[in-house]
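Coordinate inspection notes
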Amino acid sequence: MTKSQNTAVVGLQWGDEGKGKIVDILTAKHDVIVRYNGGANAGHTVVVGDEKYALHLIPSGILYEDKKCIIGNGVVVDPVKLIEEIDTLRDRGIEVGDNLLISNRAHVVMPYHKEHDAALENKLSQIVGKGDQSIGTTKRGIGPCYADKVHRATAIRMGDLLCKETLQKKLDVTCAIRSAELNALGVETPPLDPQALTEEFVAYGKRLAPHITDTVYELHEAASDGKQILFEGANACLLDIDHGTFPYVTSSNCSTLGIHSGTGLPAKHLHEVVGIMKAYSTRVGAGPFPSEQLNEIGERIRDRGNEYGTTTGRARRCGWIDLVAVKYSAMICGATTIACMLLDVLSGFEEINICTSYNMPDGTVSKRFIPDAAHLVGVTPNYETLPGWEEEIDDVTNADDLPVNAKAYLDRISEYLELPIDIVSVGPKRSQTVI
Ligand code: GDP
Ligand code: IMO
Ligand code: MG
């Protein structure tokens, strides 16, 4: 029997690095694809031929017929979005049946979580005399749902949707508390109706019941059977609740450190970590971004890279590559190899900057990242400048055919990170990949 050789795909920046594309490619040599964190705040794009798929909750491996896709216990599941996603895939001829399993312990995103998310953001944006203090969340209810997980008594898990009495009992309590909280945030809404919510969510439970199970045992059995498991990170390391640019982060451990709690598989089951980075940097929402280019360079990157959110459609903030940040993420995630994405976007720049250290407020120079917004905001980037390349490279499939300056750019990144770049992506399609 073959031994299980498992891989993680994780974003090393602030999200949208192209994880979906690489998960899709790596799915070919894995048997089980598992999401361990986040929720419908993620938007992972996979392009197959002329078809484009945007996946939010379902692992990006779903496009292959013979693979098992698992939504692990660490994910927060919005059943409305999930059912929508299943229906959309089915309408497009993709099978979603017993190839999709959902943890009975994954927490449920309820409508009041989304309302709370939006109301809190709204409140934070209007604190008199303090400027806009909002995070710029996706308003998918992610933070309030994870908060309920930590509060415990007010939490609803996928397994609860399978038993009306249990759900009703929980919602009786939770609705009373959440109604008061929403009112305190200035939302003028009638009290939440536990009866109506119970009816609605039991119906979702019925619909999703064939998929809901104890995925921890499923995963351990797969590992014992020598199946190859692919962990699909959502969001990204710099958005990790513990290790990202706090408080401008999401509410889960999106670095590889979240894999073990989010799936129930201990560390010995992780063997390879593919760190995904863009050839430049982007960020959606608020928070410090030392190498951001609020000028025609940033605009050019946004235009060429079509840098608009997969989930919210928001314009992404754009800038040069920040290797201080990426090296920090590679360290936290234990990256063993790098996939450098969207290199094609940089064609046509006369010169390209690489941030290799920070000027600190006290006049010193540092190569350490600062995972704390209040302090990171005080640094300015030091750049190395490399010559760019004119040629469009979106039809290159062989590393030898990349322009000399593009190769030199990749070599410098690899040298700085002390990691091999084994995948280079030059377009959204599967075929636009140099391995
Ligand atoms: P994810 O959240 O990390 O999966 O990334 P997103 O799907 O949100 O954003 C990445 C975007 O870049 C998507 O629109 C992809 O189709 C696209 N993309 C991926 N790789 C490349 C590439 O190498 N070049 C270009 N031009 N686009 C790419
Ligand atoms: P993928 O998986 C980019 C950002 C939001 C916001 C912050 C908190 O597609 O790379 P949340 O709704 O999670 O409470 O928002 O995190 N964010 C992402 N940005 N890509 C993502 O996912 C993101 N998931 C969360 O923009 O700044
Ligand atoms: Mg995305």
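Residues numbered from 1 in each chain as written. Chains lettered and ligands numbered in written order. Predicted model: local features only at pLDDT ≥ 70, side-chain atom pairs only at ≥ 80, totals over all residues. Heavy atoms only, no water.

Our next topic: the environment of Asn359. Secondary-structure assignment places Asn359 in strand E16 (residues 351-359). The residues contacting Asn359, other than those within four sequence positions of it, are Thr364, Val365, Gly378, Val379, Thr380, Pro381 and Asn382. In terms of polar contacts, Asn359 uses its side chain to reach the side chain of Asn382, at 2.9 Å. (Helix = DSSP H or I, 4+ residues; strand = E, 2+ residues; numbered from the N terminus. Contact = heavy atoms within 4.5 Å. Polar contact = N/O pair within 3.5 Å; in protein donor to acceptor, adjacent residues only side chain to side chain.)

On to the site of ligand 2. Every one of the 20 residues lining ligand 2 counts as a neighbour, but Lys19, His44, Thr138, Asn235 and Thr250 are closest to it. Within the side chain of His44, a nitrogen or oxygen atom sits 2.7 Å from an oxygen atom of ligand 2. In the model, an oxygen atom of ligand 2 is placed 2.6 Å from a nitrogen or oxygen of the Thr250 side chain. (Near = heavy atom within 4 Å.)

The immediate surroundings of ligand 1 are formed by 18 residues, with Lys19, Gly43, Thr45, Asp344 and Ser425 found nearest. The contact in question runs from an oxygen atom of ligand 1 to an N or O atom on the backbone of Gly18, over 2.9 Å. The backbone of Gly43 places a nitrogen or oxygen atom 2.8 Å from an oxygen atom of ligand 1. Only helix H1 (19-27) and strand E3 (44-48) provide two or more residues apiece to the shell around ligand 1. Looking at which domains feed residues into the shell around ligand 1, each of domain 1 (7-106 + 211-273) and domain 3 (278-333 + 341-418 + 428-434) gives three or more. (Domains from an automatic or database assignment.)

Buried accessible area, meaning the area lost when the parts come together, often serves as the stated size of an interface. Here the protein chain is partitioned into domain 1 (7-106 + 211-273), domain 2 (107-207) and domain 3 (278-333 + 341-418 + 428-434). Using only C-alpha atoms to locate each centre, domain 1 and domain 2 end up separated by 23 Å. Each partner contributes to the interface: domain 1 provides 31 residues, whereas domain 2 provides 21 residues. Of the roughly 2100 Å² buried between domain 1 and domain 2 on both sides combined, carbon and sulfur atoms contribute 62%. Looking at the side of domain 1 facing domain 2, the largest losses of area belong to Val76, Pro79 and Ile212, adding up to 25% of the total buried there. (Buried area = accessible area lost by both parts, 1.4 Å probe.)

For the rest of this paragraph, the subject is the coordination of the magnesium ion (ligand 3). Coordination sphere of the magnesium ion (ligand 3), protein contribution only: Asp16 (OD) and Gly43 (O), at 2.1 to 2.2 Å. You can see Asp16 sitting in the loop between strand E1 (7-11) and H1 and its partner Gly43 sitting in the loop between strand E2 (32-35) and E3, a full 27 residues away along the chain. Overall, the relative accessible area of 10% leaves Gly43 in the buried class. (Donors = N, O, S within 2.8 Å, 3.2 Å for Na, K, Ca; no water. Buried < 20%, exposed > 50% of the residue type's maximum accessible area, 1.4 Å probe, protein only.)

Moving on, we come to the packing of helix H5 (residues 164-184) against helix H6 (residues 194-208). Interaxial distance between H5 and H6 falls to 9 Å at its minimum, and their mutual angle equals 140 degrees. On the basis of their axis angle, the class for H5 and H6 is oblique. Seen from above, H5 lies across H6 with right-handed handedness. In this structure, H5 uses Lys164, Leu167, Gln168, Leu171, Asp172 and Cys175 to contact H6, whose residues at the interface are Pro194, Gln195, Leu197, Thr198, Glu199, Phe201 and Val202. Across the contact of H5 with H6, the residue classes break down as seven nonpolar, three polar and three charged. (Axes fitted to C-alpha atoms, helices over the stretch in contact; angles between N-to-C directions. Parallel < 35°, antiparallel > 145°, perpendicular 65-115°, else oblique. Left-handed = near helix turned anticlockwise from the far one by under 90°. Nonpolar A, V, L, I, M, F, W, Y, C, P; charged D, E, K, R; others polar.)

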